[in-house]
Every structure is written in structure tokens, then in C-alpha cells.
Amino acid sequence: MLISQIKGSNGEIVVAVRNGPGEAAKAVVNGGSVYKLAIEAADSGKSLASVIEAHGFGESIDLDKAYAEGRFLPPITHPDAAHLHLTGTGLTHLGSAATRDSMHKKTTEAAEETLTDSMKMFKMGIEGGKPKAGEKGVQPEWFYKGNGYGAAAPGVALVSPSFALDGGEEPEMAGIYIIAKDGTPFRIGFALSNEFSDHVTERINYLYLAHSKLRPASFGPEIRIGAAPEDIRGTSRIKRGDKVIFEKPFLSGEANMSHTFANLEYHHFKYGIFRVPGDVHVHMFGTATLSFAEGIKPEVGDVFEIEVGEFGLPLRNPLAVDAEEEVTVRQL
């Protein structure tokens, strides 16, 4: 089941559901929002699919038309955007360390056999990221991107700040979660995501990773309810006008990862501050495919497109750059 949110004719949220790519979408009767439906399911002990079916289905929705008209919202929103958390993990995919290591590696290193911190972290994941049942695996790299104010809807520009040195895509899978009233995290499903980052700033020094991640992100347009496929294969591309200036396959799913999703989820939600009832979490699981690694420098107006057939419509966002802001701190 694929679920999404679009703006209705009166500005209200319309929840759209369809049973897989290629199927017609229908509005959920009195759905309210994906957030309301998910809270209803989490707090009642029912599955989200059963809650949706109990509400019933109304009018048909042309999702392609809604996308073209710019009416898609992020597939889940929170009534208070500060309670939606954008976070992620890196160095989780087989092959991802090569890109990161080339960004961070210093030419002055004394010996080739000396592992960078990135390679050490990747090696830890290879050795302990897929624990046996009942065991806890190694914790991954973790980063914070922001809250719901930094969530860009599908089709809406990813805005790079004026001080950024780069604005580049990271095609990833994101887990979408809601916290029940008793503090239990529930996974709604998975969605495509663009974990938009500043790779030039990150390359200066890996300790700048935290700065480089404080950028907007986009996810959706649809959430695939349930567990993720073992082997996920998609395409990441950048379009400049009518031309495709970058196109490369990307892989995800546990068959292509050094960690299990369960291990990554545990090391996020083990922190009590991430189990606040009613909060929403969008957690991005990393990638091994970057146009930055191919020497591509995106320009304003370029469109990032991330596509995986099983996850519905592709995720598209143009690149924009914010105007410079004068920021001063005043004394009260």
C-alpha cells in the first residue's frame, strides 16, 4: 500500500492511497492527515492498513496531475513542525565508504595502510552491523538534519543557504515513524528521500559533517507501508533543462547494506528523547551514490530525481539558493 498527502481545493490535506504503483489512487474518507491516521493506529493497537480500510475510500485522485500542479505535501506532516525530526545515518551501505574516504583522505598521510576515521567506522559496520537475534550490533554514524521546518515537499525546491559551498543530492531510503502515547516507536513504512547536503563543506574536515547536514531534505512523494524489500534498486539523476547531466543506479535494502534496519532503528530510538509520544521521525539510512563523487556541481534550476519502481512516483526537487541574510544577536 502506498500513501501520500496532497493539498485539496480548499487547502485541506487529502490523504491518497493506492495498492501499488500503476494502480489508481483514492482519497481516504475523513482521513484528516497521515499523522492522524497513524496516531489512531498506534494508539489503538491496530495496523495502519486496517484503520485506512475502516475509514473507507472516496473520490479517485490523479496523482500525476496533482504532482504537475505542485499540490503534493510531504507524505507525513506534524501539526507542530518542531515535533517532526529529520535525522540520518551514514557509512551504512556496501561501497559507501569509498566515496566518503576519497572526500576525507589527506594526501599527506604517512602510510596507505592507515585507516581514516570513515574507513574505521565502515569496518565496524561490516563486522558488527548485522547482529544475531537477541544481540545488539555496533552503533552507526548518526547525524541531525533539522525538524519539520526543513522538510521540502516533493516538487518544491531544496534551498541551499547563501553561505553553503555546495548543494548536492543524496538518494536514500527513509524510515517513517510515529511515537504512540505509551512511548512505543511504530514504523509506518519507507519512502524515497533526498538527504540534501553540502559535500564541499564536509570535505574540508570530517568534523564539519554536522554543519554539512544542516540543510533541508525531501522525502516521498509516497510512503510504502510495511517492511522494505531486501534488495532495492533505483536510479538517481540530475536534469539541467532538457538534458540529463547525471544518471546512475543506486542500491539500498539490507542486501546492499552493512547494517540491518533493525540495528539502525535501535540505535536511534534507544534515546528517550526520541520516544516522545506524538512525535514523528524521518530517519534517512545512507547511500553509496553521489553525483559529487563524479565531479558534478549542481546549479540553480537543476532538478534532482530519485526513482524506485516499488515506491511509487519519483521524488523530484529543483535546486535553489537562498539570499544572504544578515544575522545578529541582540541583547534583551
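Structure report, in brief. (Residues numbered from 1 in each chain as written. Predicted model: local features only at pLDDT ≥ 70, side-chain atom pairs only at ≥ 80, totals over all residues. Heavy atoms only, no water.)

**Some details on the overall build of the protein**
Move 1: Regarding its fold elements, the protein presents eight helices and 16 strands.
Move 2: By the compact-globule yardstick of 20 Å for 332 residues, the protein fits well, its C-alpha radius of gyration being 20 Å.
Move 3: When each of the 332 residues of the protein is scored for burial, the buried share is 52%.
Move 4: Taking the contacts inside the protein whose residues are at least 6 apart along the sequence as the reference set, 75% of them involve residues at least 24 apart.
Move 5: Side chains of the protein give 33 positive and 44 negative charges; the mean places of these two sets differ by 2 Å. (Helix = DSSP H or I, 4+ residues; strand = E, 2+ residues; numbered from the N terminus. Rg over C-alpha atoms; globule rule 2.2 N^0.38 Å. Buried < 20%, exposed > 50% of the residue type's maximum accessible area, 1.4 Å probe, protein only. Contact = heavy atoms within 4.5 Å. Lys, Arg positive; Asp, Glu negative; His and termini not counted. Charge placed at Lys NZ, Arg CZ, Asp CG, Glu CD.)

**Quick look at the environment of Ala-151**
Move 1: For Ala-151, the location among the structural elements is in strand β7 (residues 151–152).
Move 2: Placed 87 residues apart in sequence, Ala-151 and Ile-238 show a C-alpha to C-alpha distance of 20 Å.
Move 3: Ignoring sequence-local partners within four residues, the contact set of Ala-151 consists of Pro-74, Leu-86, Ala-217 and Phe-219.

**What about the sheet that holds strand β8 (residues 158–160)?**
Move 1: Pairing within the open sheet is mixed, and its five strands lie in the order β8-β16-β15-β12-β13. Both outer strands of the open sheet, β8 and β13 (243–252), are each paired with one neighbouring strand and no more. Geometrically, the sheet is characterised by an average inter-axis angle of 20° between neighbouring strands, direction not taken into account.
Move 2: Pairing of β8 with strand β16 (residues 315–321), which is carried by three bridges, proceeds in the parallel orientation. Counterpart to Ser-160 in the pairing with β16 is Val-321. (Pairing = 2+ DSSP bridges. Axes fitted to C-alpha atoms, helices over the stretch in contact; angles between N-to-C directions.)

**With respect to the nonpolar core**
Move 1: Counting residues in each nonpolar core, the largest one holds 30 residues, and the members touching the most others are Ile-3, Ile-52, Ile-76, Ile-176, Ile-178, Ile-188 and Val-282.
Move 2: Listing elements by their share of this core, those giving two or more residues are β2 (13–18), α1 (34–44), α2 (48–55), β5 (84–90), β9 (171–179), β10 (185–194), β11 (217–225) and β14 (280–284).
Move 3: With seven residues, α1 is the single largest residue contributor to this core.
Move 4: The contacts of Ile-188, once residues within four sequence positions are left out, are Ala-38, Leu-48, Ile-76, Ile-176, Tyr-177, Ile-178, Ile-223, Arg-224, Ile-225 and Gly-226.
Move 5: One finds Leu-192, Ala-228, Met-257 and Leu-315 within the second-largest nonpolar core, a separate group that totals 18 residues. (Core = buried A, V, L, I, M, F, W, Y, C linked by side-chain atoms within 4.5 Å.)

**Concerning the packing of aromatic side chains**
Move 1: If you walk through the whole model with that rule in mind, you get eight aromatic pairs.
Move 2: Here Tyr-177 and Phe-269 contribute two aromatic rings whose centre-to-centre distance is 5.1 Å and whose plane-to-plane angle is 65°, an arrangement assigned as edge-to-face. You can see Tyr-177 sitting in strand β9 and its partner Phe-269 sitting in helix α8 (residues 261–269), a full 92 residues away along the chain. Considered together, Tyr-177 and Phe-269 belong to a single accessibility category, that of buried residues.
Move 3: Measuring from ring centre to ring centre gives 4.8 Å for Phe-261 and Phe-285, while their planes differ by 65°; the resulting arrangement is edge-to-face. Remark: Phe-285 occurs in the loop between β14 and β15 (303–307) and Phe-261 occurs in helix α8; sequence separation between them is 24 residues.
Move 4: Look at Phe-261 and you get buried, because its relative accessible area is 5%.
Move 5: For Phe-285, a relative accessible area of 0% gives the class buried. (Phe/Tyr/Trp six-rings, centres within 6.5 Å; stacked < 30°, edge-to-face > 60°.)

**Points about the pairing of β9**
Move 1: Counted residue by residue, β9 has nine buried out of nine residues, so it is predominantly covered.
Move 2: Where β9 meets β10, nine bridges bridge the pair, whose relative direction is antiparallel. Residue pairing across strands places Glu-172 opposite Ser-193, the latter belonging to β10.
Move 3: Following β9, the chain reverses through five residues before pairing antiparallel with β10; Gly-183 in that reversal takes a positive phi of roughly 90°.
Move 4: Summarising the sheet, β9 and β14 pair through five bridges and their orientation is antiparallel. By the bridge assignment for β14, Ile-178 is matched with Val-280.

**Observations concerning the pattern of salt bridges**
Move 1: Across all of its chains, the model carries 18 salt bridges by this definition.
Move 2: Residues Lys-145 and Glu-195 are paired through a salt bridge, measuring 2.9 Å at the closest nitrogen-oxygen approach. Taken together, the residues Lys-145 in strand β6 (residues 141–147) and Glu-195 in the loop between β10 and α6 (199–204) connect sequence positions 50 residues apart.
Move 3: Of the residues examined, Glu-195 reaches a relative accessible area of 0% and is grouped as buried. (Salt bridge = Lys/Arg side-chain N within 4 Å of Asp/Glu carboxyl O.)

**So, the environment of Ala-228**
Move 1: For Ala-228, the location among the structural elements is in the loop between β11 and β12 (232–240).
Move 2: With 81 residues separating them in the primary sequence, Ala-228 and Gly-309 have C-alpha atoms 13 Å apart.

**Observations regarding a nonpolar patch on the surface**
Move 1: Side chains of Trp-142, Tyr-144 and Leu-214 sit close together on the surface and give an oily, nonpolar patch of about 300 Å² of accessible area.
Move 2: Inspection of the secondary structure puts Tyr-144 in strand β6. (Patch = residues over 30% accessible without salt bridge, like charges linked within 9 Å, V, L, I, M, F, W, Y side chains within 5 Å. Areas by Shrake-Rupley, 256 points an atom, 1.4 Å probe, with all protein chains shown as cover.)

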